[in-house]
Amino acid sequence: MTELVKGKIKSIVGDKNYLDSYEDRLCYSFDATPIYKQLPEAVIFPDDEVQISKVLKLANQESFNVVPRGAGTGLSGGSVPVENCVVIVMTKWNKILEIDNANLTATVQPGVVTGVLQSEVEKSGLFYPPDPGSLNVCTIGGNVANNAGGLRGLKYGVTKNYVLGTEMILPNGDLLKTGGKNVKDTAGYNLRDFIVGSEGTLGIITRIILKLIPKPTRSVTMLAFFDKLNNSANAVTKIIASHITPSMMEFLDHTTINCVEDYTHIGLPRNSDSVLLIEVDGRGSIVDEDAERIINILKMSGAAVVKKAGNEVEALTLRTARRSAFSALARLRPTTILEDTTVPRSELPVMIEKVSEAGRKFDVMFGNFGHAGDGNLHPTCLTDENNVDELNRAHKAFDFIFNEAIKLGGTITGEHGTGLAKKNFLESVAGIPGVDMMKKIKSVIDENNILNPILLRFFLIPK
Ligand SMILES: Cc1cc2nc3c(=O)[nH]c(=O)nc-3n(C[C@H](O)[C@H](O)[C@H](O)COP(=O)(O)OP(=O)(O)OC[C@H]3O[C@@H](n4cnc5c(N)ncnc54)[C@H](O)[C@@H]3O)c2cc1C
């Protein structure tokens, strides 16, 4: 990028919103996904929609790329810069514009941190359920762009189930508004749902209207320890089949239990093969009845110990321990590759075994944990990117895992998005016609392919 073009960008956003020193660019050259890195030409923090629109128009004129970024916690490389690009960071757009008690909605800017929004709405007795493990850092904009899930996905769904409306600056600089506060709206194509999960490739989201629900008043949190990993997977299947829908049903394998215990010191039994963290919530006595039924199923499925959290502090400790699984595993080896394989829930026991098989077959170390209740596993390979041979084996292990998941009717990502990390597998899931349609949509909305051209790289890179 020439100094002249950089000067034009700086004159649009102002000196205070523009960075291009080597050190600053380095800080925005990666996200939470290991291995993928690329220095951007500049990093900008626009103040308003007009500045974003002008930068995008300039990108079309001067042929540079633009990569939107929230908090950079993405695990598929979605906000990793591309060649000749400017990173637009949206974290300054952090205002909760309205909490509407009459319509049960929140209108927010995209840079609002997910956990902050949750705490704010809970003050009004309301509830915003999507809760990625990264909720204390990640932004709502990143959640919408990736259609993020979380621990409560089983009962409450994922981000797309709570997006009522969006405002977005299109790659040509126009403002697109979709949806609104209406509970029902069938006017035209459903463009709103199309934007959710678009991974920063179709526009820069500048405003989001979210659906809120009444906050549950009662919850029971349980922990079950198993000597045999397969028993815990079967317990998950049995609980789902018994028509109880817990708000949370999280799984940790032996390696993850030990890493979490090293990190949190909360007394997890180190010799257990697996742990299930289960929570039921709602209103009234039905919550306790469901908890009792679940405890019976856990015992009948071979749980060695089943514990109930005595109070909210204890429950919070258990949830926090589960949320720390990724960070705890990351302490073991220099490089942590966490994936997002998802299978129909009935196939969970098979998929858990396939992850163990991948570790044995390719001689690499895996920790495995995830949102067992919705079939979403996070097989995590603990490796070292400086050891080329080991890294190659890790990639082969993931290829094996993805292929096995697809054979079971599953998918390559349940909540982290395709990004750079899984672009080569998109066709196996979406099919040639599916990818072809995505390519056509992208080329109509982003004629010059300036915005986060992940898909372009997908098509150009030979498999
Ligand atoms: C410890 C840890 C735990 C995690 N747990 C979970 C989990 O439980 N569930 C889950 O789903 N994810 C999880 N994640 C992944 C990650 O936090 C989510 O994908 C999150 O949605 C990313 O938000 P972000 O603000 O960091 O976005 P970024 O990583 O900055 O960006 C993500 C994508 O969104 C695009 N984007 C960002 N802002 C905008 C915008 N305003 N307009 C258009 N596009 C935009 C980017 O271009 C990129 O493609 C976890 C990550 C970590 C590190």
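Residues numbered from 1 in each chain as written. Predicted model: local features only at pLDDT ≥ 70, side-chain atom pairs only at ≥ 80, totals over all residues. Heavy atoms only, no water.

Caption draft 1: Quick peek at the layout of surface pockets. What the second largest pocket holds in volume is close to 900 Å³. Val196, Gly197, Ser198, Glu199 and Thr418 are, among the 41 residues lining the second largest pocket, the residues nearest its centre. Mapped onto the lining of the second largest pocket, the elements with two or more residues apiece are helix 5 (140-146), helix 7 (191-195), helix 15 (426-445) and helix 16 (454-460). Broken down by element, the residue count for the lining of the second largest pocket peaks at eight residues, all from helix 15. Considered class by class, the residues forming the lining of the second largest pocket number 15 nonpolar, 19 polar and seven charged. (1 Å grid on protein atoms, 1.4 Å probe; cavity = no way out; pocket = protein on both sides within 12 Å on 5 of 7 lines; lining within 4 Å. Points joined across faces, edges and corners; volume = space filled by probe spheres on them. Helix = DSSP H or I, 4+ residues; strand = E, 2+ residues; numbered from the N terminus. Nonpolar A, V, L, I, M, F, W, Y, C, P; charged D, E, K, R; others polar.)

Caption draft 2: Focus on the packing of helix 8 (residues 229-241) against helix 10 (residues 286-300). As a packed pair, helix 8 and helix 10 sit with axes 9 Å apart at the nearest point and diverge in direction by 145°. Judged by the twist between their axes, the crossing of helix 8 over helix 10 is right-handed. Counting all contacts with helix 8, which are made through Ala235, Lys238 and Ile239, the residues of helix 10 involved are Ile294, Ile297 and Leu298. Per-class residue counts for the contact of helix 8 with helix 10 are five nonpolar, no polar and one charged. (Axes fitted to C-alpha atoms, helices over the stretch in contact; angles between N-to-C directions. Left-handed = near helix turned anticlockwise from the far one by under 90°. Contact = heavy atoms within 4.5 Å.)

Caption draft 3: Focus on the nonpolar core. Of all hydrophobic cores here, the largest spans 48 residues; its most connected members are Leu298 and Phe366. Mapped onto this core, the elements with two or more residues apiece are strand 12 (218-226), helix 8, strand 13 (248-253), strand 14 (274-282), helix 10, helix 13 (348-362), strand 18 (376-383) and helix 14 (388-407). In terms of residues, this core owes the most to one element, helix 14, which gives eight residues. For phenylalanine 366, the residues in contact, after removing those within four places along its chain, are Asp253, Thr255, Val355, Ala358, Gly359, Pro379, Thr380, Cys381, Ala397, Phe398 and Ile401. (Core = buried A, V, L, I, M, F, W, Y, C linked by side-chain atoms within 4.5 Å. Buried < 20%, exposed > 50% of the residue type's maximum accessible area, 1.4 Å probe, protein only.)

Caption draft 4: Looking closely at the sheet that holds strand 13. Strand order in the open sheet made by the seven strands is 15-12-14-13-17-18-16, with antiparallel pairing throughout. Each having just a single partner strand, strand 15 (303-308) and strand 16 (335-338) make up the two edges of the open sheet. Across this sheet, the average inter-strand angle for adjacent strands is 15°, counted without regard to direction. Of the pairings in the sheet, the one linking strand 16 to strand 18 comprises four bridges and is antiparallel in character. (Pairing = 2+ DSSP bridges.)

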